[in-house]
Structure formats: structure tokens, C-alpha cells
Number of protein chains: 2
Amino acid sequence: MGVKERKERQKTEMREAILSAALKLFSDEGYDNVTMRKIADKIEYSVGTIYLYFKDKGEIFYELHNRGFAEFYKRQLSVQHIKDPIERLKAHGEAYIQFAMEYPEYYDVMFISRTPAKEIKKSEHWEEGERTYEILKLNIKQAMEAGYFKDVDLEVAAFSLWSFVHGISALFVRERLSMLPTEFLKPLINRALEFLSRAY
Amino acid sequence: MGVKERKERQKTEMREAILSAALKLFSDEGYDNVTMRKIADKIEYSVGTIYLYFKDKGEIFYELHNRGFAEFYKRQLSVQHIKDPIERLKAHGEAYIQFAMEYPEYYDVMFISRTPAKEIKKSEHWEEGERTYEILKLNIKQAMEAGYFKDVDLEVAAFSLWSFVHGISALFVRERLSMLPTEFLKPLINRALEFLSRAY
DNA sequence: CTCAAAAAATAAACATCGTTCAGTAAATTA
DNA sequence: TAATTTACTGAACGATGTTTATTTTTTGAG
């Protein structure tokens, strides 16, 4: 009698369907322009049904946000195998910005949004943010040991590099770079990363 | 018979009251969380009255956006008298960040807030933003002519420097640096500017 | 297989949003 | 003072997120 199991499975399948529809919509149209009714249309259920699976619109976003942070951290790690410290730092920056461009809604709540949903404030997930900052400092430190960043304070360098990639990400996410055609944007960002990594 | 003049004055006073209330609210709560009714409450008029002075919510934002840029542009110019190109560039960055720290509401509206895109996209006032970008490029170009930034593309350098100061400003304005005590923040920012200007 | 209880889904209703508009009050003019 | 113009209001509209009462579907004991 696997009734309970099937119900469980169906419940998670429905949650996944909602999350998947919401992610696409959020990413295409932005959180505020996505209505619960649009999500409901997309999964071909009525509006009220969504509320059987999620407390409110914010909880849908929160769940996606969690997955975003997990993905963010994973991407930071994915670069750690690179041997050359400067190359690794550059790849680190690339991974950071790529995440922001791929999941602007996530990036927004993580680093830009003024009032993150209540759930997010008290969340343990900012620690994941600090862990990525530690990775950055580690990478800079190893670059120093390899002879780069002479006479530079570690904290100052970390703050500077973070500000730099955040600046690019924030301008992109909040659409202050829309005057640049997309095909020019990515190369420009890459050259900007080179600009910085070649400086030291 | 200065009736017309007084009416004119009253009209602009009302516009100013609306703009001032809106700026504070936008900055405190974010564009989307500010309702027309909140603005109306703050100036102690009914909702409909606002629409006698502004076409819609977006136009209020648009006007604030314009004013921010005017003040911003003035500050950028104030640095142009400095002779040494690298010192001037550094002062330029300082002026930029100082504006953000002094008028976080304006900086927010100008470079961070989600914009009602229609108004601003086609606006001639982004040109004021582009004018400041031209100043930056001019300053970089003169630094190049003085022997700095060798083998660097002008556009890439401008984009990089802008991203850098925007990153710092955005992190400050959106309170992602609140873990740093204020007395450490300014020196840190100064050292970050040095970090970059010393790189080339 | 039947059918009442439980679960799932829905449609309608609610409060609030930006915006509009018919109507009222105030100021101006003749 | 009376008429007209201007300033303002408050109710209404369609759309939003969310809640609720109701209907439909699924379940499992007799």
C-alpha cells in the first residue's frame, strides 16, 4: 500500500512544478511583474492551489533563493582547482558575475535588495555569503605568496575586488548597462576582469 | 496683481512637497513599497491631488532621478582643476563615492533602484549620466597620455573604474558594509581607491 | 462495489495597489 | 454678489496577493 508514498511524491512534484514555473517567470519578467495568477496559468491550475503548497509568494522566492545560494557557493568552489593564483582569481570573478547574470533575481535579494523578505534576514544563508568571502581572501593570499599584490593589505584587496565584481553585477542586475548590446557586454566584462588581474 | 505669480509659486511648492515626501519614502522603503496613498498621507492631501501635479508614479521618480543627476554632475566637475592625472582620477572616484554617501537617496534612485524603465530609457537626462562618463574617459585618456594605463583600452578602463566605484557605493547605500564601523569605512574606501590607482 | 469521510482543487470574495473621474469646495473674476 | 475657473476630494475601476466557502476527486472500510 504505497499510497502515502505516492502522495508524498505527487506533492513534491507539484512543488517542483510551481518552483520551476516561478523561476522561469521571475527570471524573464522580474519578481514584481510575476503574478500568482501567471504562475497558476503556467502550471494549469487555479490560483488557490498554489497556496496549498506554499504559504505565499515570498516562500516560493525564498525556496528559489536557497537553491540560488547553494548554486552560488558551488560555483565559487568550482574554480578552486585552477593552479595559477591570478588565473584562479580571474575565474573566481567570472564565476561571481556569471552567477549574477544567470540568476539576477537571486543576486538581487542576496546583495542589492534593501528589504530582503523577513525569512531571509534571519536566515543562516548569509553565512554562506561569508564563506565565499573567505574563499576570496584565501585566493588573494595565495596570489600574494606567489608574488602578486606586493605591499597590499589583504583586507583592502579583498574589499576592492569584491566591490569591483559587485559593481559590475549590480549595474547589470539593475539594468544600468542596457545601453550596451548583450554581445558587447560579456567581452567587455571579461576585459574588465583582465584589466584588474593584470594590474598586479 | 501677482495672482498668477502666487499660483505659480504654490504649484511649484506643492510639487516640491510631493517630491520631497516621495524621495524620503523611496529611499527608506523602496520604489515598489511606496504607495501613492502613503505619499498623499505624508503631505496631508488626498491621493487624487498628486495626479494634478504628476502624470503618474513614474513621473515622480523620473523627476527625482533628474535632480540627482544634476547635483552629481556638478560634483564631478569640481575635481577637474587637479593637475596630476592620477591624483585627479583618484579625486574623481572620491567625489563619486562621497556623493553616494552624502545623498544615498539620490544615488539609490539614480543607479540602484528598479526603474520604471519607460520614462528613463528615452530620457534626455541619462545624457547627464553619459556626460559624467565622458569626463571619466577624458581623465583616463589624459592619464594615458601621461604614461599610465599602458596597453589598456579606454572603454575597458572606464567601465572598470565605474564598476569599482559603483560597487563600493552600492554596497554602502544598500547597507552591505554595516559590519564595518564607520570610522574604519572611510579609510578602507580610501585605501581601496589607492589600491586601484596604484595598480597602473 | 458502495458510499461517507478526507483530501485536493476551485471560484468567489477581500483588502490594497495605481489610476481615473464625477462631483464638491474654494478662489478668482466680472 | 453671481458666475466661472481652479483645486481638491472620495468613490470607483481593474489588477494584485491572499483567504474562504464550496465543489470535485480520491480513499478505504463495510
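The rules behind the values
Residues numbered from 1 in each chain as written. Chains lettered and ligands numbered in written order. Predicted model: local features only at pLDDT ≥ 70, side-chain atom pairs only at ≥ 80, totals over all residues. Heavy atoms only, no water. Helix = DSSP H or I, 4+ residues; strand = E, 2+ residues; numbered from the N terminus. Buried < 20%, exposed > 50% of the residue type's maximum accessible area, 1.4 Å probe, protein only. Contact = heavy atoms within 4.5 Å. Buried area = accessible area lost by both parts, 1.4 Å probe. Polar contact = N/O pair within 3.5 Å; in protein donor to acceptor, adjacent residues only side chain to side chain. Nonpolar A, V, L, I, M, F, W, Y, C, P; charged D, E, K, R; others polar. Phe/Tyr/Trp six-rings, centres within 6.5 Å; stacked < 30°, edge-to-face > 60°. Lys NZ or Arg CZ within 6 Å of the ring centre and 35° of its normal. Expected span 1.5 Å × (residues − 1). Near = heavy atom within 4 Å. Axes fitted to C-alpha atoms, helices over the stretch in contact; angles between N-to-C directions. Parallel < 35°, antiparallel > 145°, perpendicular 65-115°, else oblique. Left-handed = near helix turned anticlockwise from the far one by under 90°. Domains from an automatic or database assignment. Salt bridge = Lys/Arg side-chain N within 4 Å of Asp/Glu carboxyl O.

Moving on, we come to the overall build of chain A. Of the regular secondary structure elements, chain A holds ten helices and zero strands. Ordered by position in the sequence, the α and β elements of chain A form the string α-α-α-α-α-α-α-α-α-α. Dimensions of chain A along its principal axes, counting C-alpha atoms only, are 65 × 45 × 30 Å. Per-residue burial over chain A gives 50% buried out of 200 residues. Intrachain contacts of chain A at a sequence separation of at least 6 include 68% that bridge at least 24 residues.

The next subject is the interface of chain B and chain A. At the interface, 45 residues of chain B touch 43 residues of chain A. Across the interface of chain B and chain A, roughly 3900 Å² is buried in total on both sides, 63% from carbon and sulfur atoms. Sorting the residues of chain B by area buried against chain A places F159(B), R176(B) and F195(B) first, and these three jointly supply 20% of that buried surface. The tally of links between chain B and chain A comes to nine residue pairs in polar contact (both at pLDDT 80 or more). For the side of chain B that touches chain A, the secondary structure elements donating two or more residues are α1 (3-29), α6 (104-112), α9 (154-173) and α10 (182-197) of chain B. The class makeup of the residues in the side of chain B that touches chain A is 25 nonpolar, eight polar and twelve charged.

Geometry of an aromatic ring pair is reported as the spacing of the ring centres plus the angle between the planes. Residues and elements named next belong to chain A. One pass over the full model with this rule turns up 32 aromatic pairs over all chains. The interplanar angle of 70 degrees and the centroid separation of 6.4 Å between the aromatic rings of F111 and W162 together place this pair among those described as edge-to-face. Residue F111 is located in helix α6 (residues 104-112), and its partner W162 is located in helix α9 (residues 154-173); the two are separated by 51 residues in the primary sequence. Taken individually, F111 and W162 each receive the classification buried, so the pair is uniform in this respect. Every member of this aromatic cluster is reached through a ring pair, and the members are F69, F72, Y96, F99, Y103, Y106, Y107, F111, Y133 and W162. Sitting over the ring of Y73, R131 keeps its end group 4.2 Å from the ring centre.

A few words on α10(B). Between its first and last C-alpha, α10(B) extends 23 Å over 16 residues, near the 22 Å set by a 1.5 Å rise per residue. Of all the positions in α10(B), only L185(B), L188(B), I189(B), A192(B), L193(B), F195(B), L196(B) and S197(B) are classed as buried. Against α9 and α10 (182-197) of chain A together with α5 (85-102) and α9 of chain B lie the buried residues of α10(B).

As a matter of local geometry, DNA strand D sits amid 20 residues, with R6(A), R37(A), K57(A), T49(B) and Y53(B) nearest to it. Close to the protein, within 4 Å, the atoms of DNA strand D belong to sugar or phosphate groups at a rate of 66%. Backbone polar atom of M36(A) to a phosphate oxygen of DNA strand D: 2.8 Å apart, as the coordinates give it. Contact distances for DNA strand D include 2.7 Å between a base nitrogen and a side-chain N or O atom of R37(A). Every element with two or more residues in the surface near DNA strand D is listed here: α1 (3-29) and α2 (36-43) of chain A together with α1 and α3 (47-53) of chain B. For the surface near DNA strand D, the residue count by class is nine nonpolar, four polar and seven charged.

Residues and elements named next belong to chain A. Closest axis-to-axis distance for the α6/α9 pair is 10 Å, and the angle between their directions is 130 degrees. For the element pair α6 / α9, the angle class is oblique. Crossing hand, α6 versus α9: left-handed. Of the residues in α9, those touching α6 at P104, Y107, D108, F111 and I112 are W162, H166, S169, A170 and V173. Residues that form the contact of α6 with α9 fall into these classes: seven nonpolar, two polar and one charged.

Moving on, we come to the domain arrangement of chain A. Residues and elements named next belong to chain A. On domain assignment, one finds that chain A holds domain 1 (1-54) and domain 2 (57-197). Placing a centre on the C-alpha atoms of domain 1 and another on those of domain 2 gives a separation of 29 Å. Listed by partner, the interface residues are 17 residues for domain 1 and ten residues for domain 2. A combined buried area of about 1200 Å² lies between domain 1 and domain 2, and 69% of that area is made up of carbon and sulfur atoms. On the domain 1 side of the contact with domain 2, L19, F26 and Y31 bury the most area, a combined 42% of that side's loss. Summed over the shared surface of domain 1 and domain 2, the number is one salt bridge. R67 is the salt-bridge partner of E16, the closest N and O atoms lying 2.9 Å from each other. Across the domain 1-domain 2 interface, the total number found is four residue pairs in polar contact (both at pLDDT 80 or more). Residue assignment for the side of domain 1 that touches domain 2 shows that the elements contributing at least two residues are α1 and α2.

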